[in-house]
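Take a look at the letters that make up each chain.
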Amino acid sequence: MTKTDLGKFNGILILSGDGLVFEALNGVLCREDAFSIFPNLPIGIVPSGSGNGLLCSVLSKYGTKMNEKSVMDRALEIATSPTARAESVALYSVKTETATYAAFLSIGWGLMADIDIESEKWRKLGGHRFTLMGFIRSCNLRSYKGRLTYRPYKARDYTPSSNVFSIYDKTTQQRIDDSTSITIPSFADSEDEEKHLKNQKTTWTLHDSEDTTSSESESDEEVVIEDDFINMYAVTLSHIAADGPFAPSAKLEDNRIHLSYILWKDIGTRVDIAKYLLAIEHETHLDLPFVKRVEVSSMKLEVLSDGSYVVLDGEVVETKSIQVSSTRNNICVFSSTA
């Protein structure tokens with residue numbers, strides 16, 4: 001939030017999991033130069049947390065085996081390599097009743113959010129804590145009253161790019177200077193140029209911008225579901241942990257949100273939920289008949305009952321209402337070696 005010389009660094013290393021990455025990004029978000037820093041300051045991750053969805057999503061793209069030793073070995077290799085490269089990861093704008101966040105991984109509510117947070121007391125078990133709590137929550141299944149509103153994803157002539165670059169060729173400030181010189185259009189008025197630069201550096205670029213045509217807007221009708229849910233989980237990357245991918249079709253740079261949910265009325269018995277949790281590891285959970293899934297560009301969750309957690313990138317957010325929007329902004333993450 002306050003470091004004045006971030007520009008002199010080639011990148012930063014975070015020794016933790018998704019939670020600390022989330023905190024670091026939202027520290028950057030508080031800065032006036034946040035949207036210049038995000039795509040130009042590479043983040044390297046050494047996985048010492050229990051949730052490593054971002055790192056696993058990056059490494060799986062390059063064929064790293066998803067087990068603890070392989071992930072750690074490859075992460076260390078990239079973090080210490082003088083030929084390390086970074087690439088883009090899509091960033092999302094999140095608004096609650098009281099705050100705005102930058103997010104990169106997931107929003108959860110219901111069963112999986114409960115498993116994530118209530119298993120915190122067993123952190124020393126590592127990833128096994130999720131398995132144990134999953135079994136307990138399947139036996140003590142509950143429903144969650146809520147209203148889910150979403151807008152189906154449309155490309156809108158946007159083609160995301162990986163933007164792979166060498167981390168040590170330039171400092172963050174040099175990359176910022178290069179990108180500024182490339183993207184400044186010519187202005188007759190210096191005030192217009194100054195305004196353009198200010199907006200470029202300080203604002204979100206939403207995927208569903210306000211300048212869409214009326215015909216597009218009419219066809220972009222929002223879907224509203226008010227019901228009793230068992231689980232609502234939306235991801236923006238392929239992996240949420242080192243087991244099988246939660247959203248196999250998700251790509252790092254792609255800005256669509258992969259939303260899935262389960263309604264209470266659609267399941268038969270508690271055995272169905274146990275099957276769902278087990279199926280995640282085998283990449284077949286989205287094929288189950290009671291799991292609804294859709295790719296969206298924005299979504300809003302309104303919690304209508306008490307006693308549940310809203311979890312954003314693995315961190316609890318105290319709110320009854322949360323809105324997530326796709327953007328055309330991105331961060332950059334250590335991903336490979338030359």
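So, how was this worked out
- Residues numbered from 1 in each chain as written.
- Predicted model: local features only at pLDDT ≥ 70, side-chain atom pairs only at ≥ 80, totals over all residues.
- Heavy atoms only, no water.
- Helix = DSSP H or I, 4+ residues; strand = E, 2+ residues; numbered from the N terminus.
- Buried < 20%, exposed > 50% of the residue type's maximum accessible area, 1.4 Å probe, protein only.
- Contact = heavy atoms within 4.5 Å.
- Core = buried A, V, L, I, M, F, W, Y, C linked by side-chain atoms within 4.5 Å.
- Patch = residues over 30% accessible without salt bridge, like charges linked within 9 Å, V, L, I, M, F, W, Y side chains within 5 Å.
- Areas by Shrake-Rupley, 256 points an atom, 1.4 Å probe, with all protein chains shown as cover.
- Salt bridge = Lys/Arg side-chain N within 4 Å of Asp/Glu carboxyl O.
- Pairing = 2+ DSSP bridges.
- Phe/Tyr/Trp six-rings, centres within 6.5 Å; stacked < 30°, edge-to-face > 60°.
- Polar contact = N/O pair within 3.5 Å; in protein donor to acceptor, adjacent residues only side chain to side chain.
- Axes fitted to C-alpha atoms, helices over the stretch in contact; angles between N-to-C directions.
- Parallel < 35°, antiparallel > 145°, perpendicular 65-115°, else oblique.
- Nonpolar A, V, L, I, M, F, W, Y, C, P; charged D, E, K, R; others polar.

Enquirer: When you look at the overall build of the chain in this model, what are you seeing that I'm missing?
Expert: Summing up its helical and strand segments, the chain has 10 helices and 13 strands in all. Looking at the chain as a whole, 49% of its 338 residues qualify as buried. Counted over contacts in the chain with a minimum sequence separation of 6, partners at least 24 positions apart contribute 80%.

Enquirer: Please clarify how the nonpolar core should be interpreted in this entry.
Expert: For soluble globular proteins, the rule of thumb is that nonpolar side chains tend to be buried together. In terms of nonpolar packing, the biggest core is built from 64 residues, with Phe-38, Leu-54, Phe-104, Met-232, Leu-259, Tyr-261 and Met-299 touching the most fellow members. No other element matches strand E3 (residues 84-96), which puts 7 residues into this core. If we ignore the near neighbours within four places in the chain, the residues touching Met-232 are Ile-107, Gly-108, Trp-109, Leu-148, Leu-259, Ser-260, Tyr-261, Met-299 and Leu-301. Among the nonpolar cores identified, the runner-up in size contains 20 residues, and Tyr-233, Val-235, Leu-286 and Val-291 belong to it.

Enquirer: Would you take a moment to explain helix H5 (residues 111-118) for this structure?
Expert: Given 3.6 residues per turn, any residue in an α-helix points the same way as the ones three and four places further on. By the criterion of burial, H5 is predominantly enclosed, with 7 of the 8 residues buried. Within the sequence span of H5, burial applies to Leu-111, Met-112, Ala-113, Asp-114, Ile-115, Asp-116 and Ile-117.

Enquirer: Any chance you could explain unusual backbone geometry here in plain terms?
Expert: Excluding glycine, residues mostly carry a negative phi; peptide bonds, for their part, are mostly trans. Positive phi, close to 55 degrees, is recorded for Arg-156, a residue that is not glycine. Within the fold, Arg-156 resides in the loop between strand E6 (144-152) and strand E7 (165-166). Here Arg-156 falls in the buried class, since its relative accessible area comes to 15%.

Enquirer: Explain a nonpolar patch on the surface here, please?
Expert: Together, Leu-125, Leu-132, Phe-135 and Ile-136 give the surface a local cluster of nonpolar side chains, amounting to about 350 Å² of exposed area. Within the secondary structure, Ile-136 is located in helix H6 (residues 128-139).

Enquirer: What am I meant to see in the pairing of strand E10 (residues 291-303) here?
Expert: Working note: regular strand, side chains alternate between the two faces of the sheet. Sheet topology note: the E6/E10 ladder contains 7 bridges and is antiparallel. Within the sheet, the bridge partner assigned to Arg-147 lies in E10 and is Glu-302. Bridge count for strand E9 (residues 257-263) against E10 is 6 bridges, and the pairing is antiparallel. From the neighbouring strand, Ile-257 faces E10, where its bridge partner is Val-296. The sheet contact formed by E10 and strand E13 (residues 321-337) spans 5 bridges and is antiparallel. Within E13, the position partnered with Glu-302 by the bridge is Ser-321.

Enquirer: Looking at this structure, how should I read the pairing of strand E2 (residues 43-47)?
Expert: Summarising burial for E2: 5 of the 5 residues are buried, a large majority. Where burial is concerned, the two faces of E2 agree: the one with Ile-43, Ile-45 and Pro-47 and the one with Gly-44 and Val-46 are both buried. As paired elements, strand E1 (residues 12-16) and E2 share 5 bridges and run parallel to each other. Bridge pairing in E2 places Ser-16 opposite Pro-47.

Enquirer: How should the packing of aromatic side chains be read in this particular structure?
Expert: A ring pair, where both rings are aromatic, is described by two values, the distance of the centres and the angle of the planes. Throughout the structure, instances matching the rule amount to 7 aromatic pairs. Where Phe-35 meets Phe-38, the ring centres are 5.6 Å apart and the plane angle is 80 degrees; that geometry is what we call edge-to-face. Phe-38 gets classed as buried once you look at its relative accessible area, which sits at 3%. Aromatic rings pair up to connect Trp-109, Tyr-144, Phe-229 and Tyr-261 into one cluster.

Enquirer: Is there a simple way to explain the side chain of Ser-88 in this structure?
Expert: Assignment of secondary structure puts Ser-88 in strand E3. A distance of 3.2 Å separates polar atoms of two side chains, one belonging to Ser-88 and the other to Asn-163.

Enquirer: What exactly am I supposed to notice about the packing of helix H3 (residues 53-61) against helix H4 (residues 68-79) here?
Expert: Helices that pack against each other are described as a pair by the angle of their axes relative to one another and the distance between those axes. Following both chains from N to C, one finds H3 and H4 inclined at 85 degrees, their axes separated by 11 Å at the closest point. As summarised for this structure, H3 and H4 are arranged roughly perpendicular, according to the angle between their axes. Facing Leu-55, Cys-56 and Leu-59 of H3, the residues of H4 in contact are Val-71, Arg-74, Ala-75 and Ile-78. Split by residue class, the contact of H3 with H4 holds 6 nonpolar, no polar and 1 charged.

Enquirer: Sorry, what's going on with the environment of Ala-84 here?
Expert: The topology assignment puts Ala-84 in strand E3. A relative accessible area of 0% places Ala-84 in the buried class. For the pair formed by Ala-84 and Tyr-168, sequence separation is 84 residues and the distance between their alpha carbons is 7.5 Å. Ignoring sequence-local partners within four residues, the contact set of Ala-84 consists of Ile-78, Phe-165, Ser-166, Ile-167, Tyr-168, Phe-334, Ser-336 and Thr-337.

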